Every structure is written in C-alpha cells, then in structure tokens.
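# Observations on the model geometry
Each chain, letter by letter, is given below.
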Amino acid sequence: MENEFNLIETEENNADSRKKLVAVIEQYKSFHERHPNQVKPLWKIGNLYTLLGAGHSTTRRSKKTNYKKAVEYCEQAMMLNPNFKQSIRDGNSIADSAKHLDENYLSAMGFWYTARFYYFRECFTAAERMFNVKLVMDNYKMISRIEELDPSWEGGGNMMSKAIYLIALPERFGGSKKRAEIEFDKAIGAGPNYIVNRWARAKYLHEITGNRSAYLEDLFWVLRQNPHKAGNSLPWNLYFQKQSRQMLASRGISFDA
C-alpha cells in the first residue's frame, strides 16, 4: 500500500500540465476507494482540486466546482476522526469541531480553509463577500487550531494565511498590515525555500502597500527558484511562478533568469 501511494506522489511531483494533474487526482481517488480509511489521499485530492480551480480553470463556474470538490474531500478526511464526526452530527460547525482533530488532520484542515479562501476571493462578487464574512471568520478558527497543533505546518503556510487574513480584515476588526508583515517574516523563517511565502507577500502585502522594491525582490526570488526542488509541490510551484510572471508583466516588467 505504501509503495503504491509513493508512486502516485511521484506522479504528482511531475504533474506539469492540467492533463497530468487530473490523472493524478484520479489515481488518488482510485487509491481511496481501495483504502477508504486513509486520511492522506483525501486531503491530497482536496489540495489538487484547489490547484485545478486556481491554476487551470478559466470560468467562475468551473472554479466554483473545483473549490467545492476541494472542500468536500478535505471534509471527508476530517470525518474519519470519530470525535469530529460525532461533533458534526451533534450540530456543531466544521470549524468548531476542529478542536477534536490532531496532527494527523493538519493538512485536511489547512487545505480546507485554503480552498474556501480561494472560493471567497474568486467566486463571490463584492456584494456576496459582504454577506459571507462568516466564511472568513470560520477559516480563522481553523488557522488558530492549526497554530495550536503545529505553527510551522506546510513550511509556514499557516502563518502566511494568517498574514493574508490580517490584511483582508478591516483595522476596526483587528486587521493590521504591520502584524501581517511579522507573520510573513515568520512564515519565511519556517519555510525559507517555500515559494508560496514570498509570492504571497508580494501579492497581498507589497502590492497593497506600494513597496515596489520589495515587491520586485520577492517575485524575482520566486522566479529564480527551481520548481522541482523548492518547497511546495511542483504543480503548485509552477502555478506560483506563472502568477509571478503575470504580476510582473502587468507592470510592464519581464524576467530573464
């Protein structure tokens, strides 16, 4: 079983196209059907559906479909915990029931809120975001639970997400760009080779504050990395690098390695 799963992970780390990404998702689904009590295949599927929505979907409808699938598979992973499952049956929310989850469910929790953040940002209109603030608040509950279990999860990914939350939250509700900057620094310290941390800092902090030199420095760093060797998986790294080139191009800047 372990060898089979490792082979699928190898395929995932070589998935440099939409076609290959979809094929890997199907392999994880097949593995899950034969090993239904394994947590990891489920959150793997959820994570890749998020990438399918973010990096390989061009319409809001297709993005919605992929992000919803991502959330559903991560929830299936969490439901394998009997105490969590009972809490849901008792009428509690996903976020409030997360107190029953341990380190084995970190990625299911993390990629659950990641898919929801993408859905919130890319699938809701501005008016819809105003009426769905609870989604963001529930995400923060999950971020806080992961922070309790493992602050350095996914190479600082949870700290990075906390930073984005602090930027998005109005100051009157506790938002703070200064605190966000500290969280980004902590994320990079926890995962110095994780491409996502510097990409996100450029996109969500430097672009907003207008710090052009820091913005360029982070994006140039992202583009200098070997996507096969940097933190995060290859398909995600390719997405972050593609996004970085587009961000530079929007300012009339090209990058030559």
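Residues numbered from 1 in each chain as written. Predicted model: local features only at pLDDT ≥ 70, side-chain atom pairs only at ≥ 80, totals over all residues. Heavy atoms only, no water.

### Notes on the side chain of N232
With respect to the helices and strands, the residue N232 is situated in the loop between α13 (212-224) and α14 (234-249). Judged by its relative accessible area of 18%, N232 falls in the buried class. A distance of 3.5 Å separates a polar side-chain atom of N232 from the backbone nitrogen of I195. Within the structure, N232 has its side chain in polar contact with the backbone nitrogen of V196 (distance 3.3 Å). For N232, the contacting residues outside a window of four places in its chain are E154, Y194, I195, V196, N237 and F240. (Helix = DSSP H or I, 4+ residues; strand = E, 2+ residues; numbered from the N terminus. Buried < 20%, exposed > 50% of the residue type's maximum accessible area, 1.4 Å probe, protein only. Polar contact = N/O pair within 3.5 Å; in protein donor to acceptor, adjacent residues only side chain to side chain. Contact = heavy atoms within 4.5 Å.)

### Some details on helix α9 (residues 133-149)
Taking 1.5 Å of rise per residue, 17 residues should cover 24 Å, and α9 covers 25 Å from first to last C-alpha, within 8% of that figure. Among all positions in α9, only L135, V136, D138, N139, M142, I143, R145, I146 and L149 are buried. Contacts made by the buried residues of α9 are with α4 (60-78), α6 (94-97), α7 (106-123) and α10 (153-168). (Expected span 1.5 Å × (residues − 1).)

### Things to note about unusual backbone geometry
Of note in this structure, E154 is not a glycine but carries a positive phi near 55°. If you trace the backbone, E154 turns up in helix α10. Here E154 falls in the partly exposed class, since its relative accessible area comes to 29%. You will see that N232, though not glycine, has its phi angle at about 70°, which is positive.

### Observations regarding the packing of aromatic side chains
Per the counting criterion, the structure on display carries 17 aromatic pairs. Ring geometry for Y113 against F117: centres 5.9 Å apart, planes inclined by 80°, an arrangement best described as edge-to-face. Residue Y113 and its partner F117 are located together in helix α7, separated by four residues, close to a single helical turn. For the residue pair Y113 and F117, the accessibility class agrees, reading buried in each case. Members of the aromatic cluster, joined through ring pairs, are Y67, Y118, W199, Y204, W236, Y239 and F240. The ring of W221 carries R198 above its face, with NZ or CZ at 4.6 Å from the centroid. (Phe/Tyr/Trp six-rings, centres within 6.5 Å; stacked < 30°, edge-to-face > 60°. Lys NZ or Arg CZ within 6 Å of the ring centre and 35° of its normal.)

### Here's the deal with the packing of α10 against helix α12 (residues 195-209)
The geometry of α10 relative to α12 is characterised by a closest axis approach of 10 Å and an angle of 10° between their N-to-C directions. Looking at the two axes, α10 sits roughly parallel to α12. Across the interface between the two elements, G155, G156, G157, M160, I164 and I167 from α10 touch V196, N197, A200, Y204, L205 and I208 from α12. For the contact of α10 with α12, a count of residues per class yields eight nonpolar, four polar and no charged. (Axes fitted to C-alpha atoms, helices over the stretch in contact; angles between N-to-C directions. Parallel < 35°, antiparallel > 145°, perpendicular 65-115°, else oblique. Nonpolar A, V, L, I, M, F, W, Y, C, P; charged D, E, K, R; others polar.)

### As for the environment of K40
Relative to the elements of secondary structure, K40 occurs in helix α3 (residues 39-56). With a relative accessible area of 34%, K40 lands in the partly exposed category. Spatially, the C-alpha atoms of K40 and F117 are 21 Å apart, while their sequence positions differ by 77 residues. If sequence neighbours within four positions are ignored, K40 has contacts with F5 and E9.

### Describing the side chain of Q243
Tracing the backbone shows Q243 in helix α14. On the basis of relative accessibility, which here comes to 18%, the residue Q243 falls in the buried class. The contacts of Q243, once residues within four sequence positions are left out, are W199 and K203.

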